[in-house]
Amino acid sequence: MSLLYTTPFDSSPCTQRKAENAKPIADDNQQELVITAGMENGMCSLRRDHGPEKKAQTAASLWDAYSGLLSNQAMILAMNSSFVDPLLQYETQLKIVELSFKMAFAIPSLDKVKEIGKNEDDQEDLENLYRTILNTFEDTLLILVSKDLYKLQILKEMAVWMSEDNLYMQERAMVIISRVLSFASRKVKGYTSVDVPCLGVLAAELSLLCSHADPAITQQASLGMYHLLCIAKCQNADIAKNKSTKYDKPGSHCLLPSPSDIEFLPKILQRDKSKIAQSVGQTLLPRLLTDFVWSLLMRLSAPDQTTASKAATILKLTLEYYAHKVTMVSKIVDVIYKQLCGNASPILKQAMLRVITLLTRTSPKKVIFQLMDYPVPADNTLMLMWQAAGSESSVAPHVLKTILLILKGKPGAMEERITERRHFSLDTTNMMPVAASQALCTLLPIGSYKKAVAQFFPQLLMALMLQLFYTSNLRLMTEDRPFYARDALRVLLNCSGLQQVDIALKRKNCWNQFSQALFHHHGVYLVAKTLSDYNFPQFPDTLHYLYKLSVEGPRRSEDNVITIIFLTELLNNFFKDPFPEEFLVLFRNWVNDSDPAVSKLSLQKIASMAPVINEIENVCSLLISILDAFLSQDKTVVIRALMTLRRLLGKLDKVTYSSLCTRIACSYCPLMDHINGGIRSMAIRHFGELLRDMSQYTWMLNDVVFGGLVPLILFLEDTEARVVKACKHTLEICASELKWSTSYLLKDEHYSFELVVLNICNNLLISHQKYITDLISDTLGFLRSSRTYLRRGSVILIGYLAKLGGHLLLRDEIEVMLEAIDRVLRDEDPVIREFAEITNKIFMEIAHRLTSSNIKQSFRRLFNLIYIKKLKPLYNYKLPKDLTGSPMGIKETKNDKEAIIDNNYEDVLVKNEGVSVKNARFTSALEHTSEEE
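Nothing here was measured: the structure is a model prediction, and the numbers come from that model.

A. A look at the overall build of the protein. Summing up its helical and strand segments, the protein has 43 helices and two strands in all. Residue burial in the protein is summarised as follows: out of 933 residues, 53% are buried. At a minimum sequence separation of 6, the contacts of the protein that also span at least 24 residues come to 72%.

B. Inspection of the packing of helix α7 (residues 153-164) against helix α8 (residues 170-188) at higher detail. Remark: α7 packs on α8, axes separated minimally by 10 Å, with the N-to-C direction vectors making an angle of 170°. One finds that α7 runs roughly antiparallel with respect to α8. Between α7, through L155, M158, A159, M162 and S163, and α8, the contact on the second element is made entirely by Q170, A173, M174, I177, V180 and L181. When grouped by side-chain class, the residues that make up the contact of α7 with α8 number nine nonpolar, two polar and no charged.

C. Summary view of the nonpolar core. If you look at the biggest cluster of nonpolar residues, it comprises 285 residues, and the most contacted ones within it are F137, L152, F292, M372, M385 and F566. A per-element tally of this core places helix α21 (residues 457-474) first, with eleven residues. Once residues within four sequence positions are removed from consideration, M385 is found in contact with V333, I336, Y337, L340, L353, I356 and L371.

D. Examining the environment of E754 more closely. Of note, E754 is situated in helix α37 (residues 753-767). A relative accessible area of 0% places E754 in the buried class. Between the C-alpha atoms of E754 and L874, which are 120 residues apart in sequence, the distance is 8.7 Å. The residues contacting E754, other than those within four sequence positions of it, are I796, Y800, P873, L874, Y875, N876, Y877 and L879. One polar contact links the side chain of E754 to the main-chain amide nitrogen of Y875, over a distance of 2.7 Å. A distance of 2.5 Å separates a polar side-chain atom of E754 from the backbone nitrogen of Y877.

E. Summary view of the pattern of salt bridges. Inspection of the entire model under this criterion finds 21 salt bridges. Residue R354 is joined to E320 by a salt bridge in which the shortest nitrogen-to-oxygen separation is 3.5 Å. On the criterion of sequence distance, the pair formed by R354 in helix α15 (residues 346-362) and E320 in helix α13 (residues 305-322) is long-range, its members being 34 residues apart. Residues D718 and R680 are paired through a salt bridge, measuring 2.9 Å at the closest nitrogen-oxygen approach. Of this pair, D718 sits in the loop between α35 (709-714) and α36 (721-738) while R680 is found in helix α33 (residues 677-693), placing the two residues 38 residues apart along the sequence. Comparing D718 with R680, the two get one shared label, buried. Residues joined by salt bridges that share partners form a network here, namely E320, R354, R361 and E392.

F. Representation of the packing of aromatic side chains in the model. Counted under the stated rule, the structure contains 20 aromatic pairs. With a centroid separation of 5.3 Å and an interplanar angle of 85°, the aromatic rings of F587 and W590 are classed as edge-to-face. Of this pair, F587 and W590 both sit in helix α28 (residues 581-590), three residues apart, which is roughly one turn of the helix. In this structure, F587 and W590 share a single accessibility class: buried. An aromatic cluster is present here, built from F753, Y800, F835, Y875 and Y877 joined pairwise through their rings. Here the basic side chain of K331 rests over the ring of W294, its NZ or CZ set 5.1 Å away from the ring centre. Sitting over the face of the ring of Y751, K728 holds its NZ or CZ atom 4.2 Å from the ring centroid.

G. Inspection of helix α30 (residues 619-628) at higher detail. Within α30 the residues assigned to the buried category are V619, L622, L623, S625, I626 and L627. Among the structural elements, α28, α29 (596-608), α31 (635-649) and α32 (654-671) are those in contact with the buried residues of α30.

H. Spatial organisation of the packing of α15 against helix α17 (residues 380-389). Closest axis-to-axis distance for the α15/α17 pair is 8 Å, and the angle between their directions is 50°. When the axes of α15 and α17 are compared, the pair comes out oblique. The handedness of the crossing between α15 and α17 comes out as right-handed. Here K349, L353, I356, T357 and T360 of α15 lie close against α17, whose contacting residues are L384, M385, A388 and A389.

Parameters at a glance
Residues numbered from 1 in each chain as written. Predicted model: local features only at pLDDT ≥ 70, side-chain atom pairs only at ≥ 80, totals over all residues. Heavy atoms only, no water. Helix = DSSP H or I, 4+ residues; strand = E, 2+ residues; numbered from the N terminus. Buried < 20%, exposed > 50% of the residue type's maximum accessible area, 1.4 Å probe, protein only. Contact = heavy atoms within 4.5 Å. Axes fitted to C-alpha atoms, helices over the stretch in contact; angles between N-to-C directions. Parallel < 35°, antiparallel > 145°, perpendicular 65-115°, else oblique. Nonpolar A, V, L, I, M, F, W, Y, C, P; charged D, E, K, R; others polar. Core = buried A, V, L, I, M, F, W, Y, C linked by side-chain atoms within 4.5 Å. Polar contact = N/O pair within 3.5 Å; in protein donor to acceptor, adjacent residues only side chain to side chain. Salt bridge = Lys/Arg side-chain N within 4 Å of Asp/Glu carboxyl O. Phe/Tyr/Trp six-rings, centres within 6.5 Å; stacked < 30°, edge-to-face > 60°. Lys NZ or Arg CZ within 6 Å of the ring centre and 35° of its normal. Left-handed = near helix turned anticlockwise from the far one by under 90°.

These figures capture arrangement, not role.
Now the structure itself:
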């Protein structure tokens, strides 16, 4: 149906304009709630000319209010039926409702309205008009709520408008709020799904009104709160139903409380803040309870101290038992900090600090993370909040755990992976660890933290040691800026009964030097040493934690350095070498750590165990881990590994030594060609020392010795004197063990590289021909070296090996070698090109011989196996003057074992002087035949 709104007779122009704006409303069942009872009771009989002018103005205001309400109602309902954006629709309707509220509740009281009428009929008409105005406003709200429960939010705004001006009829407004909530509570019972997001903020306003000074307002507010909780109860039941459906599987159980367990009555909500807090906290969902808490928090700063006090009381009572349901903890903490930074009253400050304490009970991580996200150094307000957060002993362990989590961070750099969901500073650098160190200076001395400090002493100790390292490296300390990590460490020592340790470190000037990055490692040593000297009672727990930290591994490799220094010093003071096996395993693993500093520290400690090396159970695995360190990319690690191994081998028993000697010798060989001269010289020298140590087991090392012979020969030409000296030292040992007469030529006054090569090749041909092919193959690899002396020496060595052992080479091998020499013929160095031509001719001769018949080749091989040619220098490379005219070579003998090369390269003496003339002639004939070929 369509309703036509008529205006009263003799109305004001304003009223007429409002009536003209009123439009017919489309037929809607909801519109039946609009009842214009006053029009049916003859309100038109009222005239403005009755009574004095003041009474006329009062009557006019009633008509204006009524007319305006009808007009606004028409606009609201019309917008309700339109396709307008929901948010825009709500905001527009809220503005119109606010205007209607001010119209409806700014009218005089009913008693004053009745005074206008001269008789009972007039009074009755005025009373009907008065009630119609209020009913019209109420009907408008009922229509809005029946359409969308979200618009219960308007009731919250009404409570705010009502409190802004005491002239409004607050009691009547509360009646309407209560009735609308009653209607909504009955309506939701028929809904399958309930979603009323404004219940939290509305509950906050009603909770304050439940303690109003006016009993009538208190009664209506408690009744409204009752209906609101009934709506929330239905919402909980809906969620519980969905949860039970979701988890309705065998073996699963729903842990949500049954809605029937939540009982409340309107009467108990009157002036009983504890019951209000209990009922609200138990009934509202977490997000709604968060809104409730947030709204009360905002009211703490209200100008009215009474309202602020009531809000503080309800807020504390709610959080006392239901803080665990509150979300947005970080945001709440941030708001409290900002409000405390202002001119907060003592009551406000006390209430907000209490909120921090209560939130820390259930959400310590969120509170602490937020408190650490403010600029460093902390101001007085932040320190008060820290003290509030740590005021209860029950939360102390959780607070310290959170701070320890923050201390794992590295100040000055933002972590790549952020696991905590919290409010982060816009600053690109992470200063939270510095803030955490400052916080410890405040929290650790608190008496309630004594037990927790004892429990987490090892963790706090190591975390602060690491922060000292990070902070000193970043050079964050200045003369006017406190060193919080150092200060926190001193506070920790003093709070843990270690005052003497603090005094001793101060006497050693340790604290003042910690700000210097270069001192830090020594400082860590001093702290560990001083703690050990004073037999600190926390040693077992600290050692256990260090072991656990070492096994699990720290977040950063540099953390291992601090851990090793500290652990090593503690072990040195409380254990004798060797360490227990479980700790030796750690040092063995650290040998090959990715951080060179960690590797060197571990190797240094292992080297100190040399006197007791034979007492270690798994000594072989320890030695093998050192051999693996030879492969490190860091030269200092390799040098430390070489020194450590040599020191251990000097004390190792021969049985274990012999079982590993071959593997150790093979590990030295690659290092002989290392780019670093120091490593080359050490590897070469230690190789010789190993041969000397294992002189009784030379037969085991023959293959390894000849595998390293090529670099030993070639690096005689090294540009570094220490490498040359090491090569001569090791070659003398090799010659001694292999019974070679080479030592004389290695003396400085007789040294000639070519003569040494010739001598070694002759000895190879006599006693170890089987290795010649392998040696040639090894030498070929050095032809491509970037170092000139290696290419030059390789050409010379290959030439002599081929000249003396060419009969051992196959055709395919000759082709490979010719191809390798061919590349050297184009070398940039003229001397190398000259030597390469000589070597190339040697291989060409050998290749030419291979073209003869198989019979001749076989005969020649047999001849070369029995008789050895006499050779002279082929390259004349830096030959000594006193040996230039000496006959060079080896005299033919029938048996290679009977040939001896003299040290001064004189003719070889033939032991078997009684060789038959027939054999001598046969030899001469064979030589002549060979020359003709």
